[in-house]
Amino acid sequence: MTERPVPPKYKSRKASAEERPRIGAPRQISDLMPDIGRAAFRKFGFVQSSIVTRWAEIVGPHYAGISAPESIRFPVGQKAGGTLQLTVMSGHAPMVQHVLPDIIERVNRFFGYAAVAKVAMRQGEISPATAERRPPPRNLKPIPVELGDSLRDIGDPELRAVLESLAQGLANSNGLPKIN
């Protein structure tokens, strides 16, 4: 009997994987995290995970301390006019109920369109989010005197602080930065 030759498309996959070039460049983990978190947040009703991580910026620190977003449910086939499910600390629900129009407006402003039409509240425990405090680095060199004198003439305090920080970073670096 004669044996038929194996067509090229049935060659081992391992050999073809070694031969083909890599298409994409390596990516940082931080670039992949929103994609990983997005699947988990969508499972629990969040289309955009940043509403959870930036809740304090959206509603302010006072309301963020007593409430937390739980999920957003949209009508079938739509991405607007949804219901925001909020967990509110026990005893604060009447106060939050009075500012619901404000909260709806702020959330919609955050999304950029009328994503939320109403809010449903439930009482529960809210764990306050504490900001991570890091001590300043120990080995900071002082700002060079020639830079310090020129920075004192700048009138805008915020600009002066940024430029002082830049000068501090340059003083602490070892030579020119390497660009890969």
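As a starting point, this report considers the structure included with it. These numbers were taken from a predicted model, which means no experiment stands behind them.

### Considering the overall build of the protein
Inference 1: The helix and strand inventory of the protein stands at nine helices and three strands.
Inference 2: Counting from the amino terminus, helix and strand elements in the protein follow one another as α-α-α-α-α-β-β-α-α-β-α-α.
Inference 3: When each of the 180 residues of the protein is scored for burial, the buried share is 22%.
Inference 4: Contacts spanning at least 24 positions in sequence make up 61% of the contacts within the protein whose residues lie at least 6 apart.

### Looking at the environment of A93
Inference 1: Topologically, A93 is positioned in helix 6 (residues 93-98).
Inference 2: Residues A93 and I66 lie 27 residues apart in sequence; the distance between their C-alpha atoms is 9.1 Å.
Inference 3: Setting aside residues up to four positions removed in sequence, A93 forms contacts with V88, M121 and Q123.

### What to know about the sheet that holds strand 1 (residues 67-73)
Inference 1: The sheet built from three strands is open, its strands ordered 1-2-3 with mixed pairing. Across the chains shown, the open sheet's two edge strands, defined by having one partner strand only, are strand 1 and strand 3 (116-123). Going from strand to strand, the sheet's axes swing by 25° on average, the running direction of each strand aside.
Inference 2: Most of the contacts of helix 7 (residues 100-111) go to strand 3, to which it runs at about 125°, and overall it touches strand 1, strand 2 (82-88) and strand 3.

### So, the pattern of salt bridges
Inference 1: Going through the model one piece at a time under the given rule, you end up with three salt bridges.
Inference 2: One salt bridge in this structure joins E57 and R54, with 3.1 Å as the shortest N-O distance.
Inference 3: By relative accessible area, E57 is classed as exposed at 59%.
Inference 4: Judged by its relative accessible area of 37%, R54 is partly exposed.
Inference 5: Of the charged contacts in the structure, one is a salt bridge between E105 and R109, with a shortest N-O distance of 2.9 Å. With E105 and R109 both in helix 7 and four residues apart, the pair spans about one turn of that helix.

### Observations concerning the packing of aromatic side chains
Inference 1: Per the counting criterion, the structure on display carries two aromatic pairs.
Inference 2: The structure contains a cluster of three or more aromatic residues connected by ring pairs, namely F110, F111 and Y113.

### Looking at the pairing of strand 2
Inference 1: Across the seven residues of strand 2, six count as buried, placing the element largely inside the fold.
Inference 2: Pairing analysis gives six bridges linking strand 1 to strand 2, with the strands arranged antiparallel. Paired with S67 across the two strands is V88, which belongs to strand 2.
Inference 3: Across seven bridges, the pairing between strand 2 and strand 3 is parallel.

### Details of the nonpolar core
Inference 1: Within the largest apolar cluster, 22 residues are counted, with the highest numbers of intra-cluster contacts made by W55, L84, I103 and V107.
Inference 2: Residue assignment for this core shows that the elements contributing at least two residues are helix 4 (55-59), helix 5 (61-66), strand 2, helix 6, helix 7 and strand 3.
Inference 3: For W55, the residues in contact, after removing those within four places along its chain, are G60, Y63, A64, S67, A68, P69, L84, L86, I103 and V107.

### A closer look at helix 9 (residues 157-172)
An α-helix turns once every 3.6 residues. As a result, residues three or four positions apart point the same way.
Inference 1: Relative to the 22 Å expected for 16 residues at 1.5 Å per residue, helix 9 spans 22 Å between its end C-alpha atoms, a close match to the ideal helical length.
Inference 2: Buried residues of helix 9: A167, Q168 and A171, and no others. The buried side chains of helix 9 occupy one side of the element, clustering within an arc of 105° when seen end-on. For helix 9, the exposed residues lying more than 90 degrees away from the buried face are E158, V162, L166 and L170.

### Looking at the side chain of T87
Inference 1: Within the element layout of this structure, T87 appears in strand 2.
Inference 2: Owing to a relative accessible area of 6%, T87 belongs among the buried residues under this scheme.
Inference 3: In this structure the side chain of T87 is engaged in a polar contact, spanning 2.5 Å, whose partner is the side chain of E70.

Parameters at a glance
Residues numbered from 1 in each chain as written. Predicted model: local features only at pLDDT ≥ 70, side-chain atom pairs only at ≥ 80, totals over all residues. Heavy atoms only, no water. Helix = DSSP H or I, 4+ residues; strand = E, 2+ residues; numbered from the N terminus. Buried < 20%, exposed > 50% of the residue type's maximum accessible area, 1.4 Å probe, protein only. Contact = heavy atoms within 4.5 Å. Pairing = 2+ DSSP bridges. Axes fitted to C-alpha atoms, helices over the stretch in contact; angles between N-to-C directions. Salt bridge = Lys/Arg side-chain N within 4 Å of Asp/Glu carboxyl O. Phe/Tyr/Trp six-rings, centres within 6.5 Å; stacked < 30°, edge-to-face > 60°. Core = buried A, V, L, I, M, F, W, Y, C linked by side-chain atoms within 4.5 Å. Expected span 1.5 Å × (residues − 1). Arc of directions from axis to C-beta. Polar contact = N/O pair within 3.5 Å; in protein donor to acceptor, adjacent residues only side chain to side chain.

By themselves, these are just geometric observations and shouldn't be taken as functional.
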